[in-house]
Amino acid sequence: MFLLLLLSLILVAAGDGMDVWILAGQSNMVGENNIDDGDPEQMPDCGTPWPGRIFTYPPAANYGKVFERHTPSSMPPSEWMVARPNICLSAFTHHHHPDLDIERLGPGLAFAKRLIMRNASLRVGFVPMGLGGTSLYRNWLPDFVYHLTALVPRAMEAAGPNARLRGMLWVQGETDAQDDPDARPPARRKDWAALGYGHNLYTLVEIVRNATRAYDPCLPIIIGVIQTEGRERVFPHIQVVRQAQLDFSAHQILKIDMAEKNYEMFEQNTTAAWGWTGTIPEGADVQLVHLTKKAQCEFGSDMADLYLDKWGADGPRRCGAPKGCPKLKLSPG
């Protein structure tokens, strides 16, 4: 058994056909659903690591402060390692940090397992960049996407010459649906971030695709369209963000409607801003914020099925390299 595992790791190190995906977004990409968060479920089977088959390329040790200490060209080196349930958490803490032992689960492992079980991939590797509480306009543009696009070439080089960058999963929007902390009415409305979400999403896609054109001239992106029910008080502009996601249209973009799927979320105390706790005191304002671990398994599997049912194991046809994607056009309004 040990020899088989060692052989599989050697093959991956040699770049034997790893399919690489970028994981980006905020807390429902990371997975914030352990017992302390308020989700009492134990880790489901879909959250079990799969050595030799599913990997992650965390940016660097202690990457949480890398923006303060490094430019992308001077980032500390990293390496491919076996993916654990909290894949994105490893992007912002050392991979031996005790926080990694917290049983939180995002959609990544279920997504990879479905690709493998449907014979679409032999091995799957993730470039994890999700971080809870991040805003598209405040964090992702320009800082996070700048570092993401610097990290991908490092990951691809480490994965070897036979690796393929297959796409990006984007699960985000709640923070932009809150009141904009920079708002100064009447010059800048509280829903300014939500109103600009569609434009900012186009900008994000354009930057990511320009930076990954060497690996795919029109990188496929799967967008999770956020749910609204039971979330309107903590995210007062969530319907505006959801509509912007629904209206978003570009070549080789797939969207999965999380409301239509009705993924399970668990109640959390939102009385204190971002002070989610498993214990809900009497009189607290209870809202649905995060997906349960069970829902994350369904979400990840559904995204893989959506991709495969639309494009098959080989993915979409490359659209006219070296010209790349058709130029993005903003929808009216």
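Residues numbered from 1 in each chain as written. Predicted model: local features only at pLDDT ≥ 70, side-chain atom pairs only at ≥ 80, totals over all residues. Heavy atoms only, no water.

Enquirer: Could you give an account of the nonpolar core, naming the residues involved and the relevant values?
Expert: Counting 45 residues, the largest nonpolar core has Ile22, Trp140, Met168, Trp170 and Leu204 as the members making the most contacts within it. What Trp170 contacts, discounting residues up to four positions off in sequence, is Ala24, Gly25, Met29, Leu136, Trp140, Tyr197, Leu201, Leu204, Ile221, Ile222, Ile223 and Gly224. If you look at the next biggest cluster of nonpolar residues, it comprises 36 residues, including Met29, Val124, Val171 and Ile222. (Core = buried A, V, L, I, M, F, W, Y, C linked by side-chain atoms within 4.5 Å. Buried < 20%, exposed > 50% of the residue type's maximum accessible area, 1.4 Å probe, protein only. Contact = heavy atoms within 4.5 Å.)

Enquirer: Help me get a handle on the pairing of strand β8 (residues 265–269), residues and values and all.
Expert: Burial analysis of β8 places 4 of its 5 residues in the buried class, the great majority of the element. As paired elements, β8 and strand β9 (residues 286–291) share 5 bridges and run antiparallel to each other. Each bridged residue has a counterpart across the sheet, and for Gln268 the counterpart in β9 is Gln287. (Helix = DSSP H or I, 4+ residues; strand = E, 2+ residues; numbered from the N terminus. Pairing = 2+ DSSP bridges.)

Enquirer: Go over the sheet that holds strand β1 (residues 18–25), please, and point to the residues and values.
Expert: Judged by pairing direction, the sheet is mixed, and its 7 strands sit side by side in the order β3-β2-β4-β1-β5-β6-β7 without closing on themselves. Edge positions in the sheet fall to β3 (81–82) and β7 (253–257), since each has one partner strand and no second. Summarising the sheet, strand β5 (residues 164–171) and strand β6 (residues 221–225) pair through 4 bridges and their orientation is parallel. By the bridge assignment, Met168 is partnered in β6 with Ile221.

Enquirer: Before we move on, can you summarise helix α4 (residues 108–117) with the specific residues and values?
Expert: Among the 10 residues that make up α4, 8 are buried, leaving the element largely enclosed by the rest of the structure. For α4, the set of buried residues is Gly108, Leu109, Ala110, Phe111, Ala112, Lys113, Leu115 and Ile116. Looking at the buried positions of α4, the neighbouring elements they touch are β1, β2 (54–56), β4 (123–128), β5, β6 and α10 (293–311). At the C-terminal side of α4, Asn119 shows a positive phi close to 60°.

Enquirer: Residue-level account of the environment of Cys88, with values.
Expert: Relative to the helices and strands, Cys88 resides in the loop between β3 and α4. A relative accessible area of 1% means that Cys88 is categorised as buried. If we skip the residues at most four places from it in the chain, Cys88 touches Leu23, Met29, Val30, Pro128, Met129 and Gly130.

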